Amino acid sequence: MTAYFSQQLRIPGPTTVPARVAAAEARPMINHRGPEFAELLKSVVDGVKWALSTPNEVLLLPASGSGALESAVVNLLSPGETTLFASCGAFGSRWIEMGRRYGADVIELAMPWGQPIEAEDVAAILDEHPDINVVFATHNETSTGVMSDIGAIAKVVHERGKILAADSVSGAGCVPLPTGDHAPDVVLTASQKGWMAPPGVAMAVVNERAMDKAKVATMPRWYFDWAQMRTLQNNGQTPTTPAVSILFALAEGIAMMREEGMEGVYARHAHVAAMTQAGASALGYSLFAREGFRSHTVTALSHDGTPEQLSALLGSVRTKHGIVLAGGQAKLKGSVFRIGHLGAVTPADIVVCLSALEAELIAQGKSITRGTAAAAALEAREQVPALASRVG
Ligand SMILES: *Cc1c(COP(=O)(O)O)cnc(C)c1O
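Small disclaimer: the values here were computed from a predicted structure and weren't measured.

Each value, and the rule that gives it
- Residues numbered from 1 in each chain as written.
- Predicted model: local features only at pLDDT ≥ 70, side-chain atom pairs only at ≥ 80, totals over all residues.
- Heavy atoms only, no water.
- 1 Å grid on protein atoms, 1.4 Å probe; cavity = no way out; pocket = protein on both sides within 12 Å on 5 of 7 lines; lining within 4 Å.
- Points joined across faces, edges and corners; volume = space filled by probe spheres on them.
- Nonpolar A, V, L, I, M, F, W, Y, C, P; charged D, E, K, R; others polar.
- Axes fitted to C-alpha atoms, helices over the stretch in contact; angles between N-to-C directions.
- Helix = DSSP H or I, 4+ residues; strand = E, 2+ residues; numbered from the N terminus.
- Left-handed = near helix turned anticlockwise from the far one by under 90°.
- Contact = heavy atoms within 4.5 Å.
- Buried < 20%, exposed > 50% of the residue type's maximum accessible area, 1.4 Å probe, protein only.
- Arc of directions from axis to C-beta.
- Polar contact = N/O pair within 3.5 Å; in protein donor to acceptor, adjacent residues only side chain to side chain.
- Pairing = 2+ DSSP bridges.
- Near = heavy atom within 4 Å.
- Areas by Shrake-Rupley, 256 points an atom, 1.4 Å probe, with all protein chains shown as cover.
- Phe/Tyr/Trp six-rings, centres within 6.5 Å; stacked < 30°, edge-to-face > 60°.
- Salt bridge = Lys/Arg side-chain N within 4 Å of Asp/Glu carboxyl O.

Draft legend 1. Local environment of the layout of surface pockets. Estimates place the volume of the largest pocket at around 230 Å³. Considering the residues around the largest pocket, the lining is formed by 18 residues, among which Thr54, Asn56, Pro178, Ala183 and Pro184 are closest to the centre. Here the residues of the lining of the largest pocket sort into 9 nonpolar, 7 polar and 2 charged.

Here it is as structure tokens:
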């Protein structure tokens, strides 16, 4: 068994925590009602605004990403309110379930897994149901490796005067989000995905239209009440005891992003995605996500063998090479596996990961020429323009 400290996490979160981020997390505790905390809070809020190029309110929740999704449900809706949830995978299904349990009248647009959410389908449902005020949609669906065109979705939602909340838990900070008129009104993300920090802080990035909707929305809420959070945050505090250590870590992760620059961060994710797609294809895998909508942060591969063979493959990649890949979620368990490439990941990490996968496929009896995956990945790297915002 490989010691955990030498493992490379190629799962789509939690992601690798760089040493300097871990060191920041280990700082002595501070008073969460004192001036040091106010400074920390401001640096994280300003950093997230900078990274996402947004003037919107950044609310920091002591939660995992699902807490951010739940906060959008309880702040934007009233019981019985008709609302649209557009989903294309396991995290979209989770959000729908939250909406239902809180008593919203949920209209579901559920795309087949592997396909993106399309703006025209959202538009058609909004035209049919003018009483819908809020649309919930997944930007980057981590279970299928699909990245939907959230700007196109925002456009049709905004043209109809409605509000869009986007689950970009595994996209924000890694891929550019639309800014200006076609920016989602609410963007949700979490510390352990692209932000290079441990799990524990979720972020809800909320504009004034959405804050205004929250004023009239009557779902019961306390822990995730955005208005209460905003009031306290503006005074350098949070309503409850925050995840102080994770905020130290997040501030350091953002400092690293500032050093690299967001264009560099986006280009790096475009590169590692193209490399992973090319290497996996060269190994004979078909990619689960539809071409043109493949995520820059996670790649889902369709596995032809039995679930037992897949589990043996992932097991030997982990124990022999110290590389941890992710299995399939929900109905994709046993037939799909995923390579996470977000946060602190380099092109060289991808070459190593694909080479380990290749070695274990060869060990399982597949006839593959050694070096195939690495060669394909390195070649793909050369072909991606430095600042590509999307890789097909
Ligand atoms: C990780 C993730 C979430 C939230 O998961 P948590 O385990 O609660 O942090 C939600 N949506 C997407 C797309 C994700 O990748």
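Draft legend 2. Representation of the packing of helix H10 (residues 262-282) against helix H13 (residues 372-383) in the model. The interhelical angle for the contact between H10 and H13, taken along N-to-C directions, is 145°, at an axis separation of 7 Å. Relative to H13, H10 is oriented so that their crossing is right-handed. Residues His271, Ala274, Met275, Ala278, Gly279 and Ala282 of H10 lie in contact with H13, whose contacting residues are Thr372, Ala373, Ala376, Ala377, Leu378, Ala380 and Arg381. The residue makeup of the contact of H10 with H13, split by class, is 9 nonpolar, 3 polar and 1 charged.

Draft legend 3. How the structure looks around helix H8 (residues 226-233). The set of residues buried in H8 consists of Trp226, Met229, Arg230 and Gln233. End-on, the buried residues of H8 take up no more than an arc of 100°, which puts them together on one face. On its buried face, H8 is in contact with helix H2 (35-52), strand S2 (57-61), helix H3 (65-76), strand S9 (186-190), strand S10 (202-206) and helix H7 (208-216). Two to three positions downstream of the cap, the backbone nitrogen of Ala227 sits 3.0 Å from a side-chain oxygen, assigning the N-cap of H8 to Asp225.

Draft legend 4. Quick peek at the sheet that holds strand S11 (residues 286-287). Strand order across the open sheet formed by 3 strands is S11-S12-S14, with antiparallel pairing between neighbours. One side of each edge strand has no neighbouring strand; the edge strands of this open sheet are S11 and strand S14 (336-340). Sheet topology places S11 next to strand S12 (residues 298-302); 2 bridges connect them, and they run antiparallel. Pairing of Leu287 across the sheet is with Leu301, part of S12.

Draft legend 5. Layout of the site of the ligand. Around the ligand sit 13 residues, and of these Ser64, Ser66, Thr142, Asp167 and Lys193 come closest. Residue Ser64 places a side-chain N or O atom 2.5 Å away from an oxygen atom belonging to the ligand. Measuring from an oxygen atom of the ligand, one finds a backbone N or O atom of Gly65 at 2.8 Å. Burial of the ligand by the protein amounts to 89% of the accessible area it has alone, namely 380 Å².

Draft legend 6. Looking closely at the packing of aromatic side chains. Applying the stated criterion to the full structure yields 5 aromatic pairs. Ring centres of Phe85 and Trp95 lie 6.1 Å apart, and the angle between their planes is 80°; this geometry places the pair in the edge-to-face category. Here Phe85, found in strand S3 (residues 82-87), pairs with Trp95, found in helix H4 (residues 90-101); they are 10 residues apart in sequence, far enough to count as distant. With respect to class, Phe85 is no different from Trp95; both count as buried. With a centroid separation of 5.2 Å and an interplanar angle of 80°, the aromatic rings of Trp95 and Phe136 are classed as edge-to-face. Here Phe136 lies in strand S5 (residues 134-138) and Trp95 lies in helix H4, a separation of 41 residues in the sequence. Linked through ring pairs, Phe85, Trp95 and Phe136 together constitute an aromatic cluster.

Draft legend 7. Just the pattern of salt bridges, in detail. Considering all chains together, one arrives at 18 salt bridges under this definition. Notably, a salt bridge pairs Asp185 with Arg209, separated by 3.1 Å at the nearest N-O pair. Here Asp185, found in the loop between strand S8 (163-167) and S9, pairs with Arg209, found in helix H7; they are 24 residues apart in sequence, far enough to count as distant. You can call Asp185 buried: its relative accessible area is 1%.

Draft legend 8. Quick peek at empty space enclosed by the protein. The full count for this structure, using the stated rule, is 2 cavities of 30 Å³ or more. Quantified by volume, the largest cavity comes out at close to 60 Å³. Lining the largest cavity, in full, are Leu41, Leu60, Leu61, Pro62, Val201, Thr238, Thr240, Thr241, Pro242, Ala243 and Leu247. Its volume calculated, the second largest cavity comes out at about 50 Å³. Contributing to the lining of the second largest cavity are Gly145, Gln277, Leu287, Phe288, Ala289, Arg294, Ser295, Val298, Thr299 and Ala300. If you tally residues by element for the lining of the second largest cavity, the top one is S12, at 3 residues. Considered class by class, the residues forming the lining of the second largest cavity number 5 nonpolar, 4 polar and 1 charged.

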